[in-house]
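These are the residues of each chain, in order.
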Protein chains: 2
Amino acid sequence: MRKQEELKRLISVAFGRENPDVIFTNCSIFNVFTGDLEKKDIAVCNGVIAGIGDYADAADGAEVKIVDLNGLTVCPGLIDGHIHIESSMLSPKEFAKAVIPHGTTAVVTDPHEIANVAGISGIEFMLEKTARLPMDVYFVLPSCVPATPLDEAGATLSASDLEPLFKRDRVVGLAEMMNAFGTVRNDEQIIKKILSAKAAGKVVDGHGPGLAGNELNAYVAAGVKSDHECMTFEDAEEKLRRGQWIMIRQGTAAKNLEKLMPLFGEKYYTRCLLVTDDKNPGELISLGHIDYIIREAIRLGADPARAIRMASLNAAEYFGLKGKGALAPGYKADFVVVDSIESFNIRQVYYGGELISEKGKLTDYVAEYIDENDSHGNEYKSVYNSFNMPEVTAEDFKIELTGSSRRVIGLVPGEIFTREIITDTDTSKDAERDIVKLALIERHKNTGHIGIGFMSGYGLKKGAIASSVGHDSHNLIVAGVNDSDMAIAANAVRANKGGLAVVNNGRVLGSLPLPIAGLMCEREADEVQCNLEDLKNIAADLGTAKGIDPFMSLSFASLPVIPELRITTHGLAKVDTQSIVPVSF
Amino acid sequence: MRKQEELKRLISVAFGRENPDVIFTNCSIFNVFTGDLEKKDIAVCNGVIAGIGDYADAADGAEVKIVDLNGLTVCPGLIDGHIHIESSMLSPKEFAKAVIPHGTTAVVTDPHEIANVAGISGIEFMLEKTARLPMDVYFVLPSCVPATPLDEAGATLSASDLEPLFKRDRVVGLAEMMNAFGTVRNDEQIIKKILSAKAAGKVVDGHGPGLAGNELNAYVAAGVKSDHECMTFEDAEEKLRRGQWIMIRQGTAAKNLEKLMPLFGEKYYTRCLLVTDDKNPGELISLGHIDYIIREAIRLGADPARAIRMASLNAAEYFGLKGKGALAPGYKADFVVVDSIESFNIRQVYYGGELISEKGKLTDYVAEYIDENDSHGNEYKSVYNSFNMPEVTAEDFKIELTGSSRRVIGLVPGEIFTREIITDTDTSKDAERDIVKLALIERHKNTGHIGIGFMSGYGLKKGAIASSVGHDSHNLIVAGVNDSDMAIAANAVRANKGGLAVVNNGRVLGSLPLPIAGLMCEREADEVQCNLEDLKNIAADLGTAKGIDPFMSLSFASLPVIPELRITTHGLAKVDTQSIVPVSF
């Protein structure tokens, strides 16, 4: 009955028989269906657009709120089609506070990181914490937890674990199917996960860097409908031709926009989205979110209308987000007010017809609303107490080198792949040849597993650096020049229930606590960013190399899916053979 | 389990580990996503496309069927987004046999006509009769049965009658909401029907000729997502801007293509479909179906790639037809082989990878398959015995003209609207001034209601013509010069359980039996067309005017939604006031 009454009122308002709640007038409305600007009014009722037409005059004298937009341009609210909120290190609410001023009114998030720590409970936590935000957070379910058999994650998510979650309203698909190798080889669990998503009428997102030819055919035939890993236009074009939607990614770790600019051409743009994948808090503040990608695209020559459509209507249509992505009757009144579509500077952001941000700042009542509504979901113990490991001691980092040769993980500046370097076992010269010890401590299930190895190119000359952010299992990773500082750094992160720490001479020089699953914190984006910058400076004082981000380098050192050599909780792993290899031989 | 095994095999075939069932090679494949042609092979497995790539070489020597397409072009099978199959006068199977050679591999049909005769049972009959065709027939549920309160239809379909049908797989929406007037005024039943469709995740089609401004806003706000009644580009553009998909209609009764050509422009074409609405069997044979609209559009200057996309991908995306509308992995292997996309002459048609038509003719085994599989659904008594009325006599057509003036329905050549003409009551001069008697006999519920009036401009000089095809209630309509021939004509149609009849001097000169609900027959399209042409010639011999189709004119004479004056079973109706008015006053 409520739905009936709501719909009737909407129709009456659209028709002009009843007054809207708000009328927006004196504006150019960007029509995402045709790319035109229309000088009309927007009548809003119950947070939904009733009509785009002539309403302001009709409401003269009536008790209805009229908002004069001073001739500015109104565009649909922006949608990020693929992001891991956890990678911002911000709690969902702080993430929302950071991105809303940039015009983001919806994101599709893959809670892959927290799921690797806390499993279904982690996903439920994210659903709960995003349920009352002034922004729509949709979910795609993590398809690959753990990422590989070599990983020791906090959880293993089988097809039957995921299946019930597909029925949730805000769950719109199965997330990036990273195990493309297994998909095209009929891995039983993958097939089941895909069929669950399809049976629920939801999409399956892809992750197929460089996948082509018949392997791509097999991946698409399996039902994988998108890709956000295109690094060249040719790659994107082939995937688009096979029916995939292309998510043009411009985030912190990966920036593909420039190479993919041809996708803004007439032949392609209707099946492309704009996404960030991962964004650190600093970039969110200084550059922006999807609005930044739109501005960048325009700067690189894109038709603004097409860029905006990718960031709104296309995302909504690909994921089937009802009532999102356009300004038309029956759509949610989520929109941004900009100077012009060419400059795309965001002046105001509206969600459900309410002003939620102005001049880059959340309105006070919205900031308060968000804070007040964050009490739900605080009972998730596995999220707030995600460390299940004892304190470590310097003894734990001892390693006996029996052979004459030694494998070392070689960092490459500006890249996330690593090289396998073979050197001798004389550790006394490690400082002068830029080799540090690297350890990965299992932290989820108290197994006591600690993998130990060596890494070169990190630059660290003194002390130790530890982090609980380590793709994809997020165990506790420590790099250090001496075992004792390594133990202190690891224990500092453990004591904070997660985060980053930098130690020298037995003293913790700085830390960034990330108590939510060891990945996120409740502090605001700018505070987190300052804290992070401080830590990087401290790390630089200890010698970390200039061309690298010391924490991002650590977070990728444990990712056993990108060549060549990585650290696991069982020791060094060769990526190509997916096998554990001895450090010394 | 079957789904898992099927998917695994599809993936294996795509990858190249297993052989496909068929490989199509030596062809240019039209890629509907980008508008390009690609010289590749199509690997098909279980009726589904596994891959578009290089497969022919790999299969050398293996036991796999290889089809050489001689360098021709392959395009997705065509989809008619809005048609009433009943209007072809052909049974579903004969309709399929007529349209398949034109490349149609899917239609979305609104069984509005049969529903007005036989209600839910009529819809079930159509679902049953289309379940085993080599063509996908999707349904939108008739939204307005009866069409108006003035109609005496065979059934009344309430929201609760329709509700369970929305759960059916092939039901994809609620059909053209003709009662736009009621929709924007919150008619309770309409609101409920719309909410049922939405709750089931299905679309609501529109029918809003000329609807604009706030009335259009209200109609779209109600949830109506498409329109096929646009007669001008301006009308279409406004609807498209408000979020509706535009169905460009080029059928037998209405031809809007030429006026709507601007919709093939870059700004519009991604949200347009091609539809026919109504097609008579003659046009299906002589002109074609959706293929004809594509050729016409190209002739009028459209980019072939855009026209084909409208007729395939766009229709599939609007209605959410899974696996239809493109040639890509995971899509059904439904396609047409054409000389070129520019000429669009259809050489072959494939459905699920099987050749079903070649050089304009169904392959023998498909024709047989269709015939053999038509035995289901023959038990629908209300469909096969849809006449529930006694024989009539000349007496039944008597009318007393009490006043001095008389209202006459004035036909206008080439138009479906009529004029109200006022003349005297001296019927003795009617022959010379081209006025005939017109009667509408209620035939569904044995009410004995007969509405009697007069019509001018029909041309008939002798005898009588009767038909059970009369929009939208399909009662028995008769026009005649004398009451006795009118009774004979009506009884002839009744005896045939429906159809058309032409009578003179007490003799039935010709008839076309339409025993399925009084609307369709089991004969082939060309036979029906010949029969119909014969009848038209006989009617012409009796004097029917040259500029009109005597049967189509009759079928619209009872449609009380188009101005000005119409016949109902209760007498003459003025359309603007929706009221019954006396013939003489």
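Residues numbered from 1 in each chain as written. Chains lettered and ligands numbered in written order. Predicted model: local features only at pLDDT ≥ 70, side-chain atom pairs only at ≥ 80, totals over all residues. Heavy atoms only, no water.

### Thoughts on the sheet that holds strand β29 (residues 571-574) of chain B
Residues and elements named next belong to chain B.
Line of reasoning, step 1. Pairing within the open sheet is antiparallel, and its three strands lie in the order β28-β29-β30. If you trace the sheet from one side to the other, it starts and ends with β28 (565-568) and β30 (579-581), each paired once. For this sheet, the mean inter-axis angle between neighbouring strands, taken without regard to orientation, is 45°.
Line of reasoning, step 2. As defined by bridge partners, β29 adjoins β30 across three bridges and the pair is classed as antiparallel. Bridge assignment links Leu572 to a residue of β30, and that residue is Val581. (Pairing = 2+ DSSP bridges. Helix = DSSP H or I, 4+ residues; strand = E, 2+ residues; numbered from the N terminus. Axes fitted to C-alpha atoms, helices over the stretch in contact; angles between N-to-C directions.)

### A look at the relation of the copies chain A and chain B
Line of reasoning, step 1. Of the two same-sequence chains, chain A is brought onto chain B (RMSD 0.1 Å, axial shift 0.0 Å) by a rotation of 180°. Considering both components of the superposition, the chain copies are consistent with a two-fold axis.
Line of reasoning, step 2. When the interface residues of chain A are mapped onto chain B, 100% of them again fall at the interface, so both copies present the same face. (Least-squares fit on C-alpha atoms with pLDDT ≥ 70 in both. Contact = heavy atoms within 4.5 Å.)

### Details of the interface of chain A and chain B
Line of reasoning, step 1. If you look at the interface, chain A gives 60 residues, while chain B gives 60 residues.
Line of reasoning, step 2. A combined buried area of about 5,000 Å² lies between chain A and chain B, and 52% of that area is made up of carbon and sulfur atoms.
Line of reasoning, step 3. In terms of surface lost to chain B, no three residues of chain A exceed Phe15, Arg241 and Arg242 of chain A, which account for 12% of the buried area on that side.
Line of reasoning, step 4. Counting every contact that joins chain A to chain B gives 14 salt bridges.
Line of reasoning, step 5. Put simply, Arg271 of chain A and Glu317 of chain B hold a salt bridge, and the shortest N to O gap is 2.9 Å.
Line of reasoning, step 6. The interface formed by chain A and chain B includes 34 residue pairs in polar contact (both at pLDDT 80 or more).
Line of reasoning, step 7. Counting only elements with at least two residues in the side of chain A that touches chain B, the list comes to α1 (2-15), β3 (36-39), β5 (48-53), α6 (188-199), α7 (213-221), α8 (233-241) and α11 (304-319) of chain A.
Line of reasoning, step 8. When residues in the side of chain A that touches chain B are grouped by element, the largest group, nine residues, is from α1 of chain A.
Line of reasoning, step 9. Considered class by class, the residues forming the side of chain A that touches chain B number 25 nonpolar, 13 polar and 22 charged. (Buried area = accessible area lost by both parts, 1.4 Å probe. Salt bridge = Lys/Arg side-chain N within 4 Å of Asp/Glu carboxyl O. Polar contact = N/O pair within 3.5 Å; in protein donor to acceptor, adjacent residues only side chain to side chain. Nonpolar A, V, L, I, M, F, W, Y, C, P; charged D, E, K, R; others polar.)

### Points about the packing of α6 of chain A against helix α1 (residues 2-15) of chain B
Line of reasoning, step 1. Direction vectors running N to C along α6 of chain A and α1 of chain B enclose 115°, while the axes themselves pass 10 Å from each other. In terms of orientation, α6 of chain A and α1 of chain B fall into the roughly perpendicular class. Between α6 of chain A and α1 of chain B lies a crossing of right-handed hand. The residues of α1 of chain B that touch α6 of chain A, namely those facing Glu188, Ile191, Lys192, Ile194, Leu195 and Lys198 of chain A, are Lys3, Gln4, Leu7, Lys8 and Ile11 of chain B.
Line of reasoning, step 2. Partitioning the contact of α6 of chain A with α1 of chain B into residue classes produces five nonpolar, one polar and five charged. (Parallel < 35°, antiparallel > 145°, perpendicular 65-115°, else oblique. Left-handed = near helix turned anticlockwise from the far one by under 90°.)

### Concerning helix α12 (residues 364-372) of chain A
Residues and elements named next belong to chain A.
Line of reasoning, step 1. For α12, every residue scored as buried is listed here: Val366, Ala367 and Ile370. Buried residues of α12, seen end-on, are gathered within an arc of 100° and therefore sit on one face of the element. Those residues of α12 that are exposed and angled more than 90 degrees off the buried face are Asp364 and Glu372.
Line of reasoning, step 2. In this fold, the buried residues of α12 make contact with α2 (92-99), β18 (354-358) and β19 (361-362). (Buried < 20%, exposed > 50% of the residue type's maximum accessible area, 1.4 Å probe, protein only. Arc of directions from axis to C-beta.)

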